[in-house]
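# Examination of the molecular architecture
Here are the chains, one letter per residue:
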Amino acid sequence: MKPIRQNKVARLLQKEMGEIFERNLRDILPGTFLTVTGAEVSPDLSIAKIYFTVLGKITPTEALELLMASKPQIRKELSIRVKNQMRIVPDLRFHIDDSYDSIARIEQLLKK
């Protein structure tokens, strides 16, 4: 079981990253809707894993490459948003959330 502080930071990062993607990344990912589905934080709060799904013109692997290329810009925007809650902004690691694909596959198998 994760400590309360770790859960609070993960929820804060998920919320703020979702807002950053909604408002500021339209020029980086044109014609694409990116949703943050989850966030996990290491016990020392130095690394954050951000899970996302993509709908639109860009494939998830292309979106991952674009996010990794613009990680410094995203981290800077995140630091501006959470400067009153966190002293140090964690290093961001982006991961494609494929749980929706596996759920759809399981549902198709169950229908047969």
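The structure contained in this document is the topic of the report that follows. (Residues numbered from 1 in each chain as written. Predicted model: local features only at pLDDT ≥ 70, side-chain atom pairs only at ≥ 80, totals over all residues. Heavy atoms only, no water.)

### As for the nonpolar core
- Counting residues in each nonpolar core, the largest one holds 29 residues, and the members touching the most others are M17, F21, L67 and F94.
- Elements represented by at least two residues in this core include exactly α1 (4–24), β1 (32–41), β2 (47–56), α2 (60–69), α3 (71–81) and β3 (91–96).
- Sort the elements by how many residues they give to this core and α1 lands first, with seven residues.
- With residues near it in sequence (within four places) discarded, M17 still touches V36, I50, I74, L78, L92 and F94. (Core = buried A, V, L, I, M, F, W, Y, C linked by side-chain atoms within 4.5 Å. Buried < 20%, exposed > 50% of the residue type's maximum accessible area, 1.4 Å probe, protein only. Helix = DSSP H or I, 4+ residues; strand = E, 2+ residues; numbered from the N terminus. Contact = heavy atoms within 4.5 Å.)

### A word on the packing of aromatic side chains
- Counted by the stated rule, this structure contains one aromatic pair.
- An angle of 45 degrees between the planes, with centres 6.2 Å apart, marks the rings of F21 and F94 as tilted. With F21 in helix α1 and F94 in strand β3, this pair connects stretches of sequence that are 73 residues apart. Like F21, the residue F94 is buried in the burial classification. (Phe/Tyr/Trp six-rings, centres within 6.5 Å; stacked < 30°, edge-to-face > 60°.)

### Some details on the layout of surface pockets
- Space inside the largest pocket adds up to approximately 230 Å³.
- Around the largest pocket, the lining is made up of 14 residues, and of these F21, E22, T32, F33 and L34 lie nearest the centre.
- Looking at the lining of the largest pocket, the elements that each hand over two or more residues are α1 and β1.
- Residue composition of the lining of the largest pocket, grouped by class: seven nonpolar, four polar and three charged. (1 Å grid on protein atoms, 1.4 Å probe; cavity = no way out; pocket = protein on both sides within 12 Å on 5 of 7 lines; lining within 4 Å. Points joined across faces, edges and corners; volume = space filled by probe spheres on them. Nonpolar A, V, L, I, M, F, W, Y, C, P; charged D, E, K, R; others polar.)

### Some points on the sheet that holds β2
- The strand order across the open sheet built from three strands is β1-β2-β3, with neighbouring strands paired in mixed fashion. Looking at the sheet topology across the chains shown, the edges are occupied by β1 and β3. Pairwise comparison of adjacent strand axes, ignoring direction, gives a mean angle of 30 degrees for this sheet.
- Both β1 and β2 contribute to a ladder of nine bridges, which runs antiparallel. Bridge pairing in β2 links G38 to Y51. (Pairing = 2+ DSSP bridges. Axes fitted to C-alpha atoms, helices over the stretch in contact; angles between N-to-C directions.)

Everything listed is a geometric property; what it means functionally is a separate question.
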